[in-house]
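# Close look at the chain arrangement
For reference, the chains in residue letters:
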Amino acid sequence: MQSTYLPPSAFSARAAIPDMDAYHALCAHAERDYEGYWGMQARANLDWQVPFTRVLDESEAPFYRWFGDGRLNVSYNCLDRHIERGLGGKTAIIFEADDGAFSHVTYSGLHARVCRIANGLRARGVGKGDRVVIYMAMSVEGVAAMLACARIGATHSVVFGGFSAKALQERIADAGACVVITQDEQLRGGKRLPLKSIVDEALALGGCGSVKHVVVYQRTGGGVTHVSDRDIWLHDLMADQPERCEPEWVGAEHPLFILYTSGSTGTPKGVQHASGGYLLWAALTMKWTFDIKPDDVYWCTADIGWVTGHSYIAYGPTAVGATQVIFEGVPTYPDAGRFWQTIERHGVSIFYTAPTAIRSLIKASDMDPAVHPTNYDLSTLRLLGSVGEPINPEAWLWYHRQVGGERCPVVDTFWQTETGGHMITPLPGATPLVPGSCTLALPGIMAAVVDEAGQDVPDGQGGILVVKRPWPSMIRTIWNNPKRYQASYFPEELGGALYLAGDGAIRDKDTGYFTITGRIDDVLNVSGHRMGTMEIESALVAHPLVAEAAVVGKPDDTTGESICAFVVLKKDRPGGADATALAQELRNWVAKEIGPIAKPREVRFGDNLPKTRSGKIMRRLLRVLAQGGVVTQDVSTLENPAILDQLAKAV
Ligand code: 6R9
């Protein structure tokens, strides 16, 4: 058996779930009385304006409804109820700017800001059910904009600030947004990067006729074009608006947000979440997985453009009235000690980041011992978390030892945009930890490993990760595309009733612990960012010189995977300097079509791609070639085996 790490007894003594007996008791409650269990949690963790009488409605499965006749307001639950309980003066946000300046915002201060934005939006006709796209960097204003939408019942769709004008335009058009909230520029690692001008470009691409206003937060003061009647500064929108705003009470199923994510085919999917069930799980997992306490200083390094920034920055921490750090910058500026310095400076006690960041900081501190975490006072830390991709045992051990001083449990949290919150994760006061395993499903989450026909497989045998019962924070549908929702997540091949996560998994024979073995579809995970191979291929094929393209992932020590593209041109295959130049042009092209995160690390040119006789591209062979390997698999079905030699050579 691998070595296990038991929770420190002092940690367990104060923990929300103090031991495995308490964990099993909760699981047993959920097994015995599923609706009773979830109804109890929803009453205990949220404030309802109108209590629900019905917990789960499965009559239109897999379009499930949770707490359907209850009414609430998400921003009320994240702000007002804390203030009503005397916590108005508590720090909600410690904002750490890119340049190291920082400021504190209290719950009352955040409430006032949210209300003024909400009133300003209402004054411009934005209301319940309208869509608002938020294209901003990490800021108090970004979080306040999200909460302001929730306050008036508008459905937000945050688009990551690294996405290109084209990617932004597609999302604005699909969501049919009436307002875009952005900022003049963003600051990252001492550099100023434009955001407002990218919005201008996106809107100029067309298809965005629904957009009536662009609201601009002035972050840097950099020059921006002002389109009269359309553009308005955020400070002007907020000026003269009262600091109170009556919340829009909505049904629990009201769409809180849409977040676009990559699937295995076609365009990005607009994952739609509801209000009540989503917020319940964001709040409850803050208490369980992060064991959040009133005096904790919590820091999640994610961006609001991803789901982690939704559940574990904008909504979860505020729903439980926590104090959190919000960080504008990057881990390596001014040097690779920035995370540790920030933890020391603000006395962070719970730290949540991604394996890719840990791996790059391991490298950096190997090269420059001055930025090693042990040079900083990290004694306030009591819990560490990981998210976004599998954490390899080496990185886990370094995180545990060098950052956590062997005193902090490490919670490896497995979940997805679609799941809304944590699914499989250790409980820090209860679960014995095994590096590289996300351990057990949270109470009420019926995760299982099945075969291709949807039948359970025995522990110790790998298979497909599914969830057998609906849960409150699950995706409700794909915006504009309910058919795709059903086909992607509840496929007929598995019987139509199991939620398909899209990952492979294996459970340990002795412990039942889950280990995630990676995506089983054509989704890549580069530095914890999800990307569809099809999306990148479509971008490449949109280039005038490209006839055909196939994209595969290649394992990478730091980023988890890197993108390798095999390209066939409409003209002859280039060589030498021409090939290098064209490869660079195509990389930049993809950055422009999707965003810099989708840039292939490597581009190889061939006269063709390896195809079966029926014309299917054999990606498994390309994966071998990308890794520099020799194809030893059976290639008898291959139409053109000679192409493998050509593609084996990098440009
Ligand atoms: C939260 C988030 C989801 C995909 C998921 C899986 C991978 C996330 C993981 C993990 C192993 C973990 N993933 N956490 N794999 N261990 N702890 O990342 O959402 O961007 O939708 O990505 O990320 O492959 O299916 P999202």
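Residues numbered from 1 in each chain as written. Predicted model: local features only at pLDDT ≥ 70, side-chain atom pairs only at ≥ 80, totals over all residues. Heavy atoms only, no water.

Labelled according to an unreviewed UniProt entry, the protein chain appears under the name Acetyl-coenzyme A synthetase, originating from Pseudoduganella aquatica. Per its UniProt entry, the protein chain bears the Cofactor (unreviewed entry) comment "Mg(2+)". (UniProt positions renumbered as here; feature names shortened; annotations may be inferred.)

### Structural notes on the sheet that holds strand β28 (residues 546-556)
One open sheet holds the 3 strands; their spatial order is β28-β29-β30, and the pairing between them is mixed. Of all the strands in the sheet, the pair left with one neighbour each is β28 and β30 (602-606). Mean inter-strand twist for the sheet, computed between neighbouring axes without regard to direction, equals 25 degrees. Bridging between strand β29 (residues 560-569) and β30 involves 5 bridges; their strand directions are parallel. (Pairing = 2+ DSSP bridges. Helix = DSSP H or I, 4+ residues; strand = E, 2+ residues; numbered from the N terminus. Axes fitted to C-alpha atoms, helices over the stretch in contact; angles between N-to-C directions.)

### As for the site of the ligand
Around the ligand, a shell composed of 17 residues is seen, among which Asp412, Thr417, Asp503, Arg519 and Arg530 lie nearest. For the ligand, a nitrogen atom lies 3.2 Å from a polar atom in the backbone of Gly388. Protein burial of the ligand: of its 530 Å² of free accessible surface, 95% is covered by the chains. Looking at the shell around the ligand, its residues break down into 6 nonpolar, 6 polar and 5 charged. (Near = heavy atom within 4 Å. Polar contact = N/O pair within 3.5 Å; in protein donor to acceptor, adjacent residues only side chain to side chain. Areas by Shrake-Rupley, 256 points an atom, 1.4 Å probe, with all protein chains shown as cover. Nonpolar A, V, L, I, M, F, W, Y, C, P; charged D, E, K, R; others polar.)

### Re the pattern of salt bridges
In a structure, side chains of opposite charge can pair up when their charged atoms sit close to one another. All chains considered together, the criterion is met by 34 salt bridges. Between Glu253 and Arg476 there is a salt bridge, with the nearest N and O atoms lying 2.8 Å from each other. Of this pair, Glu253 sits in the loop between β13 (250-251) and β14 (255-261) while Arg476 sits in the loop between β22 (463-467) and β23 (477-478); the two residues are 223 residues apart in sequence, bridging distant segments of the chain. One exposure class covers both Glu253 and Arg476, and it is buried. Between Arg619 and Glu537 there is a salt bridge, and its shortest N-O distance comes to 2.5 Å. Residue Arg619 is found in helix α18 (residues 619-626), and its partner Glu537 is found in helix α16 (residues 533-541); the two are separated by 82 residues along the sequence. Per residue, the accessibility class of Arg619 equals that of Glu537, and both read buried. (Salt bridge = Lys/Arg side-chain N within 4 Å of Asp/Glu carboxyl O. Buried < 20%, exposed > 50% of the residue type's maximum accessible area, 1.4 Å probe, protein only.)

### Structural notes on the layout of surface pockets
Looking at the second largest pocket, its volume works out to about 470 Å³. As for the second largest pocket, its lining consists of 25 residues, and the residues nearest its centre are Gly162, Phe163, Ser164, Ile198 and Pro596. Within the residue set of the lining of the second largest pocket, elements represented by two or more residues are α7 (165-175), β9 (185-188), β10 (191-194), α8 (196-204) and α17 (576-593). Of the residues forming the lining of the second largest pocket, the biggest block, 4 residues, is contributed by α17. Partitioning the lining of the second largest pocket into residue classes produces 14 nonpolar, 4 polar and 7 charged. Counting the residues that make up the lining of the second largest pocket, at least three belong to each of domain 1 (9-441) and domain 2 (527-648). (1 Å grid on protein atoms, 1.4 Å probe; cavity = no way out; pocket = protein on both sides within 12 Å on 5 of 7 lines; lining within 4 Å. Points joined across faces, edges and corners; volume = space filled by probe spheres on them. Domains from an automatic or database assignment.)

### Quick look at the pairing of strand β19 (residues 383-387)
Across the 5 residues that make up β19, a large majority, 5, are buried. Of the two faces of β19, the one lined by Leu383, Gly385 and Val387 and the one lined by Leu384 and Ser386 are each fully buried. Looking at chain direction, β19 and strand β20 (residues 410-413) are connected through 4 bridges and run parallel. Following the sheet pairing, Gly385 is matched in β20 by Val411. For the crossover that starts at β19, traverses helix α14 (residues 393-403) and ends in the parallel β20, the hand is right-handed. (Right-handed = clockwise from strand over helix to strand, strands pointing away.)

### Structural notes on the pairing of strand β26 (residues 523-526)
Of the two faces of β26, both are covered, the one formed by Val523 and Asn525 as well as the one formed by Leu524 and Val526. Across 4 bridges, β26 lies against strand β27 (residues 529-532) in antiparallel orientation. In the sheet register, Val523 faces β27, and the bridge partner there is Gly532. Linkage of β26 to β27, two consecutive antiparallel strands, is achieved through a turn of 2 residues, within which Ser527 is found at a positive phi near 50 degrees.

### Remarks on the UniProt feature "binding site: CoA" (unreviewed entry) in the protein chain
Following the UniProt record, the feature "binding site: CoA" (unreviewed entry) maps to Arg188, Gly189, Gly190, Lys191, Thr308 and Ser527 here. Spanning 340 residues, the named residues do not form one spatial group; their C-alpha atoms are separated by as much as 24.5 Å. None of the other annotated residues line the second largest pocket; only Arg188 do. Structurally, the position occupied by Gly189 is in the loop between β9 and β10. For Gly189, the contacting residues outside a window of four places in its chain are Asp98, Val330 and Tyr333. Positionally, Ser527 belongs in the loop between β26 and β27. (Contact = heavy atoms within 4.5 Å.)

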